[in-house]
Each structure stands twice: as C-alpha cells, then as structure tokens.
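Notes for the structure review
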Amino acid sequence: FEVYGLALRDPDRYSAFMQNVVAPWLNFIGDPLVNLGWTRARADAYATMVVCAFRGFLLDLCATGDRARVDGAVELWLSTLSAAGAEKEFAA
C-alpha cells in the first residue's frame, strides 16, 4: 500500500508498478469467465469488484489489525459469490 501511494504521487517514477498493479489481476480473474462465455466488459467488472474488495479488506486489516473482524467480513463476502450466481447476475 505504501508503494501504491508513492506511485499515485509520482506515476512517472513508478510506471512499471502502475502498469502491473491492476491489469494482470483483472486478467487472472476475468479470463476464465470470458472462457465461460462472459463478455469481456462483464468479466472485467466482476474482476474489478473482486480485486477492489480484497484490497479493501487488506487495507482495513493493515490499519486495524483486527484479523477476526476482517476474516469474518471476507468469509461473509465470499459466501455471496459463486460462479453460478455471478454468471446469472452479469450474463450479457
């Protein structure tokens, strides 16, 4: 998170970081969904939700150290996600 902040303030210096901090994760999560027939836009939206949520959980954990609360939130959030449910929600 510290490097993320530095990169946002000085994008020229941290351009390699900025080029690799989002897109590879979107592809890692989204490509299998595209292979299942999702549109790229829908797969990217779903992947963005997943990446942003996990980063938010991690930032909260770093800020508070409250592992039990954050773990509980992650488990609850994960229980709401499923390939079938997401596919219905985001089907083109």
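Everything quoted here is computed from the prediction, not taken from an experiment. (Residues numbered from 1 in each chain as written. Predicted model: local features only at pLDDT ≥ 70, side-chain atom pairs only at ≥ 80, totals over all residues. Heavy atoms only, no water.)

With that settled, the discussion passes to the pattern of salt bridges. Within this structure, the stated rule accounts for four salt bridges. A salt bridge links Asp31 to Arg40; the shortest N-O distance between them is 2.5 Å. Of the residues examined, Asp31 reaches a relative accessible area of 32% and is grouped as partly exposed. Residues Asp44 and Arg40 are paired through a salt bridge, measuring 3.1 Å at the closest nitrogen-oxygen approach. Separated by four residues within a single helix, Asp44 and Arg40 lie in helix α4 (residues 40-64), roughly one turn from each other. Of the residues examined, Asp44 reaches a relative accessible area of 24% and is grouped as partly exposed. (Salt bridge = Lys/Arg side-chain N within 4 Å of Asp/Glu carboxyl O. Buried < 20%, exposed > 50% of the residue type's maximum accessible area, 1.4 Å probe, protein only. Helix = DSSP H or I, 4+ residues; strand = E, 2+ residues; numbered from the N terminus.)

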